[in-house]
Amino acid sequence: MNGLLERYADVILHSALKISKDDVVAINTEEENLPLARIIAQKAKIITGNGSYLMVLDHGKRTEVTEIYSDYLIQKQPTLFIYLQTFFPYGGIDDMEKALEARQIQQFRHLASPLFLPKPEIPFVTVPVPSASWGHAMDPYEGDERLSSVVISDLLRLDEDNPEKLNDEMLEMNLYDLKNLNSESQKRHARVTSYDGMTDLEFDFAKNSLFSSNLSSTESGRRFCPSIFSSSYFRAIEKKSANGRVSVTKPFLLFGRQIGNLTLFFENGRISSFETDEESAELFNYFLSLDPQNAMLAEISIAEESNNANRIPYFAYPEWDRMRTTHITLGCPKPECLYHKDEKEADEDGISTSICYLSLPIGCDELEIRVQDENGEEAVLFEDGLIAEDY
């Protein structure tokens, strides 16, 4: 286990955060994740010569900050931030007659980000930590800590030589893929179809929106990846434009429960009906009841079928699940793909602004996405599981 954590720490520091000689790391963690926190702090010390700030959380509540692996009182403010995330069991909905508060929506991982977020001052990363509870969420029958460790290792190729370099190469592909996806962004009308006929959906990309990825940058222009790896590209959809049908192709998380079967029918941007099993229908109806715009198509996220995350059937961790394959998102898009001055302009461009979001996997090798402009000039954006080059 320590060997995996050592390699995991290397990817976090060198690839996701791009640690440099003068950095000072701050780590927030629950007590059970202290072994990984210490490994990260030790490695940071070797690179920077500096100790690290450490805050041991108490079930998410902040406590006192201490310093570890420091030969002297640290004078500098932190320049990198790491949150080691404990997987707490999701639980269930106590009363579907009552709306959820934002805090509860966040606990179920359905709370949308605000549409307008300032650039962060320092690079940060959220790190899922292997645990028995996470493994059980992925597989209620045979899942354990080992399963979550294997998933992380497979995703980041930790058993190969120099996994941080491999992850760097994948992150570099983001820039290439984004260039292709945005090369003709004026073609705003899109049609998504699958060869089996289970998906046939048309919509318009929102104005002042471009494809973006999970790669981020600080106010000073320092690049980092807050999700550790990045394999998908998302763009906002004009909320009244969607028509057609779409079916999920992989399991997804809804209020802590794994759902594997759902078909949606859209009319003028809104879900007009859906098909699933009885228990899933009750949960999905509850999601729709939380905000009127939860029934709106807000975003599409494109991921190639050959990416590492696609090999994992189910993460039970939405930020990684939405990078397995192509997804649609209900409720609210991610703010990174928007280029609006204010909320009024975003509303005029038809941006859905729910407090919630739900991402649904629709990708497969047989999925095709075509785009066209106002004159009917058409191009292929995605086919055979791959992003088209210079479409």
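Scroll up to find the structure this text is about.
Predicted model only: the values in this text are computed from it and were never measured.

## A look at the pairing of strand β16 (residues 297-303)
Then comes step 1: With seven of its seven residues buried, β16 lies for the most part within the structure.
Then comes step 2: Where strand β10 (residues 232-236) and β16 come together, five bridges link them in antiparallel fashion. Bridged to F234 within β16 is S301.
Then comes step 3: Sheet topology note: the β16/strand β17 (residues 327-330) ladder contains four bridges and is antiparallel. When the bridges of β17 are listed, S301 appears paired with H327.

## Re the sheet that holds β16
Then comes step 1: Reading across from one edge, β10-β16-β17-β18 is the order of the four strands in this open sheet, with antiparallel pairing throughout. Since the sheet does not close on itself, it has two edges, and those belong to β10 and β18 (358-361), each with one partner. Adjacent strand axes in the sheet meet at a mean angle of 25°, parallel and antiparallel pairs treated alike.

## Digging into the environment of N268
Then comes step 1: Following the sequence through the fold, N268 ends up in the loop between β14 (263-267) and β15 (270-275).
Then comes step 2: Since its relative accessible area comes to 54%, N268 is described here as exposed.
Then comes step 3: With 29 residues separating them in the primary sequence, N268 and K239 have C-alpha atoms 8.2 Å apart.
Then comes step 4: Aside from chain neighbours lying at most four places away, what touches N268 is K239, K240, S241, A242 and N243.

## A look at the packing of aromatic side chains
Then comes step 1: Summed over the entire model, instances satisfying the criterion amount to 14 aromatic pairs.
Then comes step 2: Members of the aromatic cluster, connected to one another through ring pairs, are F87, Y90, W134, F229, F315, Y317 and W320.

## Some words on a negative patch on the surface
Then comes step 1: Taken together, the side chains of D196, D365, E366, E383 and D384 define an acidic patch exposed on the protein surface.
Then comes step 2: Mapping D384 onto the fold places it in the loop between β20 (378-383) and β21 (386-387).
Then comes step 3: By relative accessible area, which is 48% here, D384 ends up partly exposed.

## Considering the pattern of salt bridges
Here the idea is simple: oppositely charged side chains can pair when their charged atoms come close.
Then comes step 1: Inspection of every chain in the model, using the stated rule, returns 18 salt bridges.
Then comes step 2: Of the charged contacts in the structure, one is a salt bridge between D168 and K18, with a shortest N-O distance of 2.5 Å. Highlighted residues: D168 in helix α6 (residues 163-181) and K18 in the loop between α1 (2-16) and β1 (25-30), separated in sequence by 150 residues.
Then comes step 3: One connected set of salt bridges, linked through shared partners, spans E299, E319, R322 and K334.

## Considerations on the side chain of T199
Then comes step 1: By the secondary structure assignment, T199 is in the loop between β6 (189-194) and β7 (200-204).
Then comes step 2: Take T199: its relative accessible area is 3%, and that puts it in the buried class.
Then comes step 3: Of note is the side chain of T199, whose polar atom sits 3.2 Å from the backbone nitrogen of S247.
Then comes step 4: Ignoring anything within four residues of it in the chain, the contact list for T199 reads V192, T193, S194, R245, V246, S247 and L367.

## Notes on the packing of α1 against helix α5 (residues 145-156)
Then comes step 1: One way to put it is that α1 packs onto α5 with a least axis distance of 11 Å and a crossing angle of 45°. Taken together, the axes of α1 and α5 lie oblique to each other. As α1 packs across α5, the resulting crossing turns out to be left-handed. Each of L4, Y8 and V11 in α1 lies in contact with α5, whose residues at this interface are S149, I152, S153 and L156.

## Some words on the nonpolar core
Then comes step 1: Residues I82 and W320 are the most contacted members of the largest nonpolar core, which totals 97 residues.
Then comes step 2: At eight residues, α1 tops the list of elements feeding residues into this core.
Then comes step 3: Excluding residues within four positions of it along the chain, I82 makes contact with I12, L13, L17, V25, A26, I27, N28, I40, V125 and V127.
Then comes step 4: Listed in part, the 11 residues of the second largest apolar core include L115, F234, C332 and I351.

## Concerning the environment of L338
Then comes step 1: Tracing the sequence through the fold places L338 in the loop between β17 and α9 (343-348).
Then comes step 2: Along the sequence, L338 and P120 sit 218 residues apart, while their C-alpha atoms lie 16 Å from each other.
Then comes step 3: Discounting chain neighbours no more than four positions away, the residues touching L338 are L115, N208, S209, A236, P333 and I351.

The rules behind the values
- Residues numbered from 1 in each chain as written.
- Predicted model: local features only at pLDDT ≥ 70, side-chain atom pairs only at ≥ 80, totals over all residues.
- Heavy atoms only, no water.
- Buried < 20%, exposed > 50% of the residue type's maximum accessible area, 1.4 Å probe, protein only.
- Helix = DSSP H or I, 4+ residues; strand = E, 2+ residues; numbered from the N terminus.
- Pairing = 2+ DSSP bridges.
- Axes fitted to C-alpha atoms, helices over the stretch in contact; angles between N-to-C directions.
- Contact = heavy atoms within 4.5 Å.
- Phe/Tyr/Trp six-rings, centres within 6.5 Å; stacked < 30°, edge-to-face > 60°.
- Patch = residues over 30% accessible without salt bridge, like charges linked within 9 Å, V, L, I, M, F, W, Y side chains within 5 Å.
- Areas by Shrake-Rupley, 256 points an atom, 1.4 Å probe, with all protein chains shown as cover.
- Salt bridge = Lys/Arg side-chain N within 4 Å of Asp/Glu carboxyl O.
- Lys, Arg positive; Asp, Glu negative; His and termini not counted.
- Charge placed at Lys NZ, Arg CZ, Asp CG, Glu CD.
- Polar contact = N/O pair within 3.5 Å; in protein donor to acceptor, adjacent residues only side chain to side chain.
- Parallel < 35°, antiparallel > 145°, perpendicular 65-115°, else oblique.
- Left-handed = near helix turned anticlockwise from the far one by under 90°.
- Core = buried A, V, L, I, M, F, W, Y, C linked by side-chain atoms within 4.5 Å.

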